[in-house]
Amino acid sequence: MTYVVTDACIRCKYMDCVEVCPVDCFYEGDNMLVINPSECIDCGVCEPECPAEAILPDTESGLEQWLELNNTFAAQWPNITRKREAPADADSWKGVEGKYDNHFSPDPGQGD
Ligand code: SF4
Ligand code: SF4
């Protein structure tokens, strides 16, 4: 089991989650973060910290796409352990559904 970052993070990227992870297993893309499933120790402390409710345990149904995406991009994007400013328009994207199709970016973020 692991926790995964899902669609709700796209263009929100508040980064509250990275501050609490005891094993620093978040990785930064251009407009979202992912968790490295092989590093996550399933402690669950990040889940309630996310203002967008984007972090879920992979035991919930229908998250196979997100598990795969977290796994793939954790290997390509830089590690992030420190919170920076969220995007200026983050609040306007919070709660918007189905962002992946039009807004997912495979580009890496800047990392720490
Ligand atoms: S706190 Fe939530 S929205 Fe912010 S970067 Fe982490 S997973 Fe994404
Ligand atoms: S569940 Fe724990 S180990 Fe996994 S990403 Fe969240 S804070 Fe890090």
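Residues numbered from 1 in each chain as written. Chains lettered and ligands numbered in written order. Predicted model: local features only at pLDDT ≥ 70, side-chain atom pairs only at ≥ 80, totals over all residues.

Per an unreviewed UniProt entry, the chain goes by Ferredoxin and derives from Rhizorhabdus dicambivorans. The chain has a UniProt comment under Function (unreviewed entry) that states "Ferredoxins are iron-sulfur proteins that transfer electrons in a wide variety of metabolic reactions." (UniProt positions renumbered as here; feature names shortened; annotations may be inferred.)

Q: What exactly am I supposed to notice about the overall build of the chain here?
A: Along the chain, the regular secondary structure elements total 4 helices and 4 strands. Ordered by position in the sequence, the α and β elements of the chain form the string β-α-β-β-β-α-α-α. The globule rule puts the C-alpha radius of gyration for 112 residues at 13 Å, and the 12 Å found for the chain is close to it. Along the first, second and third principal axes, the C-alpha set of the chain runs to 30 × 30 × 25 Å. Expressed as a percentage of the 112 residues in the chain, the buried residues total 34%. Restricting to contacts in the chain with at least 6 residues of sequence separation, those with at least 24 account for 84%. (Helix = DSSP H or I, 4+ residues; strand = E, 2+ residues; numbered from the N terminus. Rg over C-alpha atoms; globule rule 2.2 N^0.38 Å. Buried ≥ 20, exposed ≤ 12 C-beta atoms within 10 Å, placed from the backbone. Contact = placed C-beta atoms within 7 Å.)

Q: I keep staring at the site of ligand 2 and nothing clicks. Help me out?
A: Contacts to ligand 2 come from 13 residues, most closely from Tyr3, Cys21, Cys40, Cys43 and Cys46. Among the residues making up the shell around ligand 2, the classes are represented as 11 nonpolar, 1 polar and 1 charged. (Near = placed C-beta within 6 Å. Nonpolar A, V, L, I, M, F, W, Y, C, P; charged D, E, K, R; others polar.)

Q: Would you take a moment to explain the environment of Lys99 for this structure?
A: The residue Lys99 is located in the loop between helix H3 (90-93) and helix H4 (100-103) in this model. Counting along the chain gives 63 residues from Lys99 to Asn36, while the straight-line C-alpha distance between them is 21 Å. Those residues in contact with Lys99 that lie beyond four places of it in its chain are Asp7, Ile10, Arg11 and Trp93.

Q: I tried to follow the site of ligand 1 on my own but got confused; where do I start?
A: Taken together, 13 residues sit near ligand 1, with Cys9, Tyr14, Cys17, Cys50 and Ala52 positioned nearest. When its residues are assigned to classes, the shell around ligand 1 shows 11 nonpolar, no polar and 2 charged.

Q: Honestly, the nonpolar core in this entry has me stumped. Any pointers?
A: Buried together is how nonpolar side chains tend to be arranged in soluble globular proteins. Formed by 31 residues in total, the largest nonpolar core has its most connected members in Val5, Cys9, Cys17, Phe26, Leu33, Val34 and Ile35. For this core, the secondary-structure elements that each account for two or more residues are strand S1 (3-5), helix H1 (16-20), strand S2 (26-28), strand S3 (33-35) and helix H2 (64-74). Beyond its immediate chain neighbours, meaning those up to four positions away, Leu33 contacts Val5, Cys9, Lys13, Cys17, Phe26, Tyr27, Glu28 and Ile80. (Core = buried A, V, L, I, M, F, W, Y, C linked by C-beta atoms within 7 Å.)

Q: Help me understand H2 in this model?
A: Because each turn of an α-helix spans 3.6 residues, side chains separated by three or four positions in sequence point in the same direction. Regarding H2, the residues found buried are Trp66, Leu69, Asn70, Phe73 and Ala74. Seen along its axis, H2 keeps its buried residues to an arc of 115°; they face one direction. In H2, the exposed positions angled more than 90 degrees off the buried face are occupied by Glu64, Glu68 and Thr72. Where the residues of H2 are buried, they touch S1, S2 and S3. (Arc of directions from axis to C-beta.)

Q: What's the story with unusual backbone geometry in this structure? I'm lost.
A: One non-glycine residue, Met15, adopts positive backbone phi at about 70°. Within the secondary structure layout, Met15 lies in the loop between S1 and H1. By C-beta crowding, Met15 is classed as buried, having 23 other C-beta atoms within 10 Å. Here the phi dihedral of Glu53 falls at roughly 55°; this positive angle occurs in a residue that is not glycine.

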